[in-house]
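Observations on chain architecture
The residues making up each chain are set out below.
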Amino acid sequence: MAPTSHHPPNAGAALPPLLAEYVEATNSFDLERLLTTFADDALVNDQLRDYWGLAAIRYWAERDIIGERLTMEVTEVIEHYSNFIVAAKVDGTYDKRGLPDPLVLAFYFTPHRDRIVQLIILRNRHDI
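It should be emphasised that the depicted structure is a prediction, and the values quoted were computed from it without experimental measurement.

1. Observations concerning the nonpolar core
Counting 33 residues, the largest nonpolar core has Tyr22, Phe38, Trp60, Phe107, Phe109 and Leu119 as the members making the most contacts within it. Among the secondary structure elements, those contributing two or more residues to this core are α1 (17-27), α2 (31-35), β1 (38-46), α3 (53-66), β3 (71-80), β4 (83-91), β5 (103-112) and β6 (115-122). Not counting residues up to four positions away in its chain, the partners in contact with phenylalanine 109 are Leu19, Tyr22, Asn83, Phe84, Val86, Ile116, Gln118 and Leu119.

Following this line, the structure appears as structure tokens:
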């Protein structure tokens, strides 16, 4: 098993305003507010699927974020070369069969100027 550090040197960073806006929009089920956090040509990868551009991101957010009443409770923020890894306990009306409780996902944000240009969402595993 490869050695891993569970405490990156830059853990504990503050959640920047843009990402706080993303979390607040998610938690208030506000699709339009959520979409304003993304660049027009942004990429979201969730559940190993790519959603390029605002039309595709709108489809994803309507179905998987707003439609599943997803909420996020941020547990850790790590800044790494101007990118942010946000760990959050998530909840909602999605199918929870086979998932851990609580479900913690890692949101890998790449902000550029005042918009998110890339978001990759993963469920990191520590048992493999």
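Still more ground to cover, so stick around.
2. Overview of the side chain of aspartate 64
Checked against the element boundaries, aspartate 64 lands in helix α3. For aspartate 64, a relative accessible area of 14% translates into the label buried. Not counting the four nearest positions on each side in its chain, aspartate 64 is found in contact with Asp46, Gln47, Tyr51 and Leu70.

3. Looking at the sheet that holds β4
Adjacent strands of a sheet form backbone hydrogen bonds with each other and so pair up, either parallel or antiparallel. Pairing is mixed in the open sheet, where 6 strands are placed in the order β2-β1-β6-β5-β4-β3. Only two strands of the sheet have a single partner each, and these edge strands are β2 (49-52) and β3. Looking at each pair of strands side by side, their axes are set apart by 20 degrees on average, direction ignored. Pairing of β1 with β2 involves 4 bridges; the strand directions are antiparallel. Bridge pairing in β2 places aspartate 46 opposite arginine 49. In the packing of α1 onto the sheet, contacts are made with β1, β3, β4, β5 and β6, and the angle to β3 comes to roughly 165 degrees. Sheet contacts for α3: β1, β2 and β6; angle to β1, the most-contacted strand, approximately 50 degrees.

4. A look at the pairing of β6
Direction of pairing for β1 relative to β6: parallel, over a ladder of 5 bridges. Each bridged residue has a counterpart across the sheet, and for phenylalanine 38 the counterpart in β6 is isoleucine 116. Once β5 ends, the chain turns through 2 residues before running back antiparallel as β6, passing arginine 113 with a positive phi of about 55 degrees.

5. Some thoughts on the pairing of β5
The pairing of β4 with β5 spans 7 bridges and is classified as antiparallel. Paired with valine 90 across the bridge in β5 is leucine 103. As judged from the 7 bridges shared by β5 and β6, these two strands associate in the antiparallel manner. Note that in β6 the partner of phenylalanine 109 across the bridge is leucine 119.

6. Things to note about unusual backbone geometry
The general pattern is negative phi for most residues beyond glycine and trans for most peptide bonds. A cis geometry characterises the amide bond from aspartate 101 onward to proline 102, with omega recorded as 10 degrees. With respect to the element layout, proline 102 can be found in the loop between β4 and β5. The phi dihedral of arginine 69 is positive, around 50 degrees, even though this residue is not glycine. For arginine 69, the position within the fold is in the loop between α3 and β3.

Thresholds, definitions, all that
- Residues numbered from 1 in each chain as written.
- Predicted model: local features only at pLDDT ≥ 70, side-chain atom pairs only at ≥ 80, totals over all residues.
- Heavy atoms only, no water.
- Core = buried A, V, L, I, M, F, W, Y, C linked by side-chain atoms within 4.5 Å.
- Buried < 20%, exposed > 50% of the residue type's maximum accessible area, 1.4 Å probe, protein only.
- Helix = DSSP H or I, 4+ residues; strand = E, 2+ residues; numbered from the N terminus.
- Contact = heavy atoms within 4.5 Å.
- Pairing = 2+ DSSP bridges.
- Axes fitted to C-alpha atoms, helices over the stretch in contact; angles between N-to-C directions.

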